[in-house]
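Residue strings, one per chain:
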Amino acid sequence: MNRDTYLSIDFGTSNSLVGAYHDGRRHEALALDPKASDPSLLRTLLYFPHPDLCYYGSEAIEQYIEQDMEGRLFRSFKSHLPNKNYLGTILDNRILTLENMIGIFLLELKKRAEKALGTSVERAVIGRPARYSMDPVSDEFALHRMQKAAHFAGFKDVVFVPEPLAAAFDYRRQLTSEKIVLIGDFGGGTSDFTVIKLRPEGFAKQDVLAIDGCPLAGDTLDSVFMSHRLNNYFGANSRYRLPMGSNVLSMPKAITLRLNHPAHIVHLKEKETYEFIREVRKCSLTAQDAEAVERLFILIEDQQIFPFFEEIEKTKRNLSTSDKSEFAFDYPGLEIKEKFTGLQFESWSEDTRGKIFQSLDQCLSSAQLSAAQVDLVCLTGGTAKVPLIQEEFKKRFGASRLQTQSHFHSVLSGLTEAAGFIATGNSLF
Ligand SMILES: Nc1ncnc2c1ncn2[C@@H]1O[C@H](COP(=O)(O)OP(=O)(O)OP(=O)(O)O)[C@@H](O)[C@H]1O
Ligand SMILES: [Mg+2]
């Protein structure tokens, strides 16, 4: 065991990266996933063909397909951290708590990093979003669960660093003079901001002027394709009449909200919800209503949720570079073809954009700064590529103050830098 070694872990909703401070130097993104197009990114995926076996990242998808989509595949589980109602899941007849699920993933990250470094490690600097939740109690709860998960993975000493602050550490290296910098990190689960006075010579605690964010990002943008169009195919607007009842009812909101969101749709498998949907199918008003609910069963029972949302994500990504994108799904019984335009996507995402930029406004206001007082805006994370995010920044700050990082490594680099400070006995500031 190497006492001076710290891992730096960017555990993301969609992608995870690990670096290290080891042997007196920084090791940037370690190769974690040999099968991925960028081996330094391990997709945050767990696949259990059965409760005793688990695959991660690209291999999780590969095996899921190879094993005919039997078993359970989990994605976006980081998003459940602040949710007190989500304790975990049941695999066959075993309980898998969320803390264990994340712990299993962190343990795998640890093992792969240890292999790459050739030493075992028990200390880590782990990123955390500015806010797991807008509710401070849920936010604390989420952090507490992350601590438990890290402990489960065998880490004895863990320091959590806000992800947007870590990104700021990375940006400092490019600077030659003092600047007020706004950093925006748009991921899969959260949008995170920090306003910081960056000076080439180093950091002081008072240089961090504000940190804020909100739990809306890429996954929520995926959900708009469901909520505005595709959920129609799955009974979101199906009507039914309960036996002996005279009222015509439509699918309850609690169900459609789950159906729409890539992190929440798996909850439709919960016993009570599932039974309820069965009831709706039986009591459908028209054959067309019943057909749509039937499709929902195929989606759930034939394990098509993951590939369906992969296709949605692909459609969304295409809209980052083109003004039209085609959605095509051809699983028997779920054949769907739709065309989407950038304008539609933009208008459907209005509400999400509003909330994300409200938290940016909050961040600037806590820093007691106006947009005009910011010298530089640095954007990172996969969702920073979305045109509606880019456009809003251009509108507020002008293109000349805007810089978008094309790679995914800013948060990790900053965490690795923080790991170096801590490993050498220095405080972060
Ligand atoms: N070209 C693109 N256009 C639009 N969205 C994209 C593009 N590339 C990636 N994304 C989105 O970026 C998100 C993943 O980004 P990233 O890897 O930064 O997130 P993360 O770090 O895993 O999540 P978080 O930091 O929120 O926990 C996904 O929602 C993905 O769909
Ligand atoms: Mg991230």
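In this text, all values refer to a predicted model and were calculated from it rather than measured experimentally.

With respect to the layout of surface pockets
Working step 1: A volume near 1000 Å³ is recorded for the second largest pocket.
Working step 2: Lining the second largest pocket are 45 residues; nearest its centre among them are S14, N15, R317, G382 and F408.
Working step 3: Of all the elements in the fold, those that place two or more residues in the lining of the second largest pocket are β2 (15–22), β4 (42–43), α1 (57–66), β12 (179–186), α5 (218–228) and α9 (305–318).
Working step 4: If you tally residues by element for the lining of the second largest pocket, the top one is α9, at five residues.
Working step 5: Broken down by class, the residue content of the lining of the second largest pocket amounts to eleven nonpolar, 18 polar and 16 charged.

Regarding the sheet that holds strand β5 (residues 45–50)
Think of a sheet as strands paired side by side through backbone hydrogen bonds, with each pair either parallel or antiparallel.
Working step 1: Across the sheet, three strands lie side by side as β6-β5-β7; this open sheet has antiparallel pairing. A single partner strand is all that each edge strand has here, and the edge strands are β6 (53–56) and β7 (72–75). The mean angle between the axes of side-by-side strands here comes to 20 degrees, regardless of whether they run parallel or antiparallel.
Working step 2: Taken together, the four bridges between β5 and β7 define a ladder with antiparallel strand orientation. Among the inter-strand pairings, L46 is bridged to a residue of β7, identified as F74.

Section: empty space enclosed by the protein
Working step 1: Scanning the model with the defined rule gives one cavity of 30 Å³ or more in all.
Working step 2: In this structure, the largest cavity occupies an estimated 220 Å³ of space.
Working step 3: Lining the largest cavity are 18 residues, and of these L73, F74, R75, V266 and I305 sit closest to its centre.
Working step 4: Considering each element in turn, the lining of the largest cavity owes the most residues, four residues, to β7.

Considerations on the packing of helix α4 (residues 163–172) against helix α13 (residues 410–423)
Helix packing for two helices is described by the angle between their axes and how far apart those axes are.
Working step 1: Between α4 and α13, whose axes approach to 7 Å, the crossing angle comes to 85 degrees. One element, α4, and the other, α13, form an angle in the roughly perpendicular class. Residue-level contacts link E163, A166, A167, F169, D170, Y171 and R172 of α4 to S410, V411, S413, G414, L415, E417, A418 and F421 of α13.
Working step 2: Looking at the contact of α4 with α13, its residues break down into eight nonpolar, three polar and four charged.

Each value, and the rule that gives it
- Residues numbered from 1 in each chain as written.
- Chains lettered and ligands numbered in written order.
- Predicted model: local features only at pLDDT ≥ 70, side-chain atom pairs only at ≥ 80, totals over all residues.
- Heavy atoms only, no water.
- 1 Å grid on protein atoms, 1.4 Å probe; cavity = no way out; pocket = protein on both sides within 12 Å on 5 of 7 lines; lining within 4 Å.
- Points joined across faces, edges and corners; volume = space filled by probe spheres on them.
- Helix = DSSP H or I, 4+ residues; strand = E, 2+ residues; numbered from the N terminus.
- Nonpolar A, V, L, I, M, F, W, Y, C, P; charged D, E, K, R; others polar.
- Pairing = 2+ DSSP bridges.
- Axes fitted to C-alpha atoms, helices over the stretch in contact; angles between N-to-C directions.
- Parallel < 35°, antiparallel > 145°, perpendicular 65-115°, else oblique.
- Contact = heavy atoms within 4.5 Å.

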